[in-house]
Amino acid sequence: MKRGDRLIAYKKNLLEELKLVGYTTYRLRNEKLLGEVTIQKLRNGEMVTLNAIDTICHLLKCQPGDLIGYLHNEQDAFLPDEPLQPRVFIHREDEETLK
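The structure reproduced in this document is the subject of the present report. Because the structure is predicted, anything quoted here is derived from the model rather than measured.

**Some remarks on the overall build of the protein**
Right, so step 1: When helices and strands are tallied, the protein shows 6 helices and 2 strands.
Right, so step 2: Counted from the first residue to the last, the protein has its helices and strands arranged as β-α-α-α-α-α-β-α.
Right, so step 3: Here the protein, with 99 residues, has 27% of them falling under the buried criterion.
Right, so step 4: A fraction of 61% describes how many contacts in the protein between residues 6 or more apart in sequence connect residues 24 or more apart.

**Describing helix 4 (residues 50–60)**
Right, so step 1: Taken together, the buried positions of helix 4 are Ala-52, Ile-53, Ile-56, Cys-57, Leu-59 and Leu-60. When helix 4 is viewed along its axis, its buried side chains cluster within an angular range of 165 degrees and face the same direction. The outward face of helix 4, more than 90 degrees from its buried face, is lined by the exposed residues Leu-50, Asn-51, Asp-54 and His-58.
Right, so step 2: In this structure, the buried side of helix 4 is in contact with strand 1 (8–10), helix 1 (14–20), helix 2 (25–30), helix 3 (36–43) and helix 5 (64–67).
Right, so step 3: One or two steps after helix 4, the chain reaches Lys-61, where phi turns positive at roughly 55 degrees.

**Overview of the nonpolar core**
The nonpolar side chains of a soluble globular protein tend to be buried with one another.
Right, so step 1: Among the nonpolar cores identified, the biggest contains 18 residues, and Leu-18, Leu-28, Leu-34, Leu-42, Ile-56 and Leu-67 are the most heavily contacted of them.
Right, so step 2: For this core, the secondary-structure elements that each account for two or more residues are helix 1, helix 3 and helix 4.
Right, so step 3: Element by element, the count of residues in this core is highest for helix 4, at 6 residues.
Right, so step 4: Apart from the residues lying within four places of it in its own chain, the contact partners of Leu-28 are Leu-15, Leu-18, Tyr-23, Leu-33, Leu-34, Ile-39 and Leu-59.

**Brief notes about the pattern of salt bridges**
Right, so step 1: Taken as a whole and assessed by the stated rule, the structure comprises 3 salt bridges.
Right, so step 2: For Glu-31, the salt bridge is made with Arg-27, and the minimal N-O distance between the two is 2.9 Å.
Right, so step 3: For Glu-31, a relative accessible area of 41% translates into the label partly exposed.
Right, so step 4: Residue Glu-36 is joined to Arg-43 by a salt bridge in which the shortest nitrogen-to-oxygen separation is 3.9 Å.
Right, so step 5: By relative accessible area, Arg-43 is classed as partly exposed at 44%.
Right, so step 6: Residues participating in the shared-partner salt-bridge network are Arg-29, Glu-36 and Arg-43.

**Concerning unusual backbone geometry**
Right, so step 1: In this structure, Lys-32 is a non-glycine residue whose phi angle is positive, near 55 degrees.
Right, so step 2: Considering the arrangement of structural elements, one finds Lys-32 in the loop between helix 2 and helix 3.
Right, so step 3: Accessibility expressed as a relative area gives 73% for Lys-32, which makes it exposed.

Definitions and limits used
- Residues numbered from 1 in each chain as written.
- Predicted model: local features only at pLDDT ≥ 70, side-chain atom pairs only at ≥ 80, totals over all residues.
- Heavy atoms only, no water.
- Helix = DSSP H or I, 4+ residues; strand = E, 2+ residues; numbered from the N terminus.
- Buried < 20%, exposed > 50% of the residue type's maximum accessible area, 1.4 Å probe, protein only.
- Contact = heavy atoms within 4.5 Å.
- Arc of directions from axis to C-beta.
- Core = buried A, V, L, I, M, F, W, Y, C linked by side-chain atoms within 4.5 Å.
- Salt bridge = Lys/Arg side-chain N within 4 Å of Asp/Glu carboxyl O.

See the structure below:
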């Protein structure tokens, strides 16, 4: 494996995941949530900026690790699984009231 090989990859088709929750590419562009260059990069499986990952995590209610991961070698691959499930976050001060 060469030093320049990229081993960080998307775990899912992010445009499909966004579409499942109502964010079509038209809506993403029209509402200026993601730019055309970013959408094209996602279509081509290319890495996008952390700002774009931040926006996608906000829209999908997930963590960056739900979207991308590190492959240890070229033969590794992420197994397809269920669509992302939104996560519920609890503020620390609210934890006591849930017990």
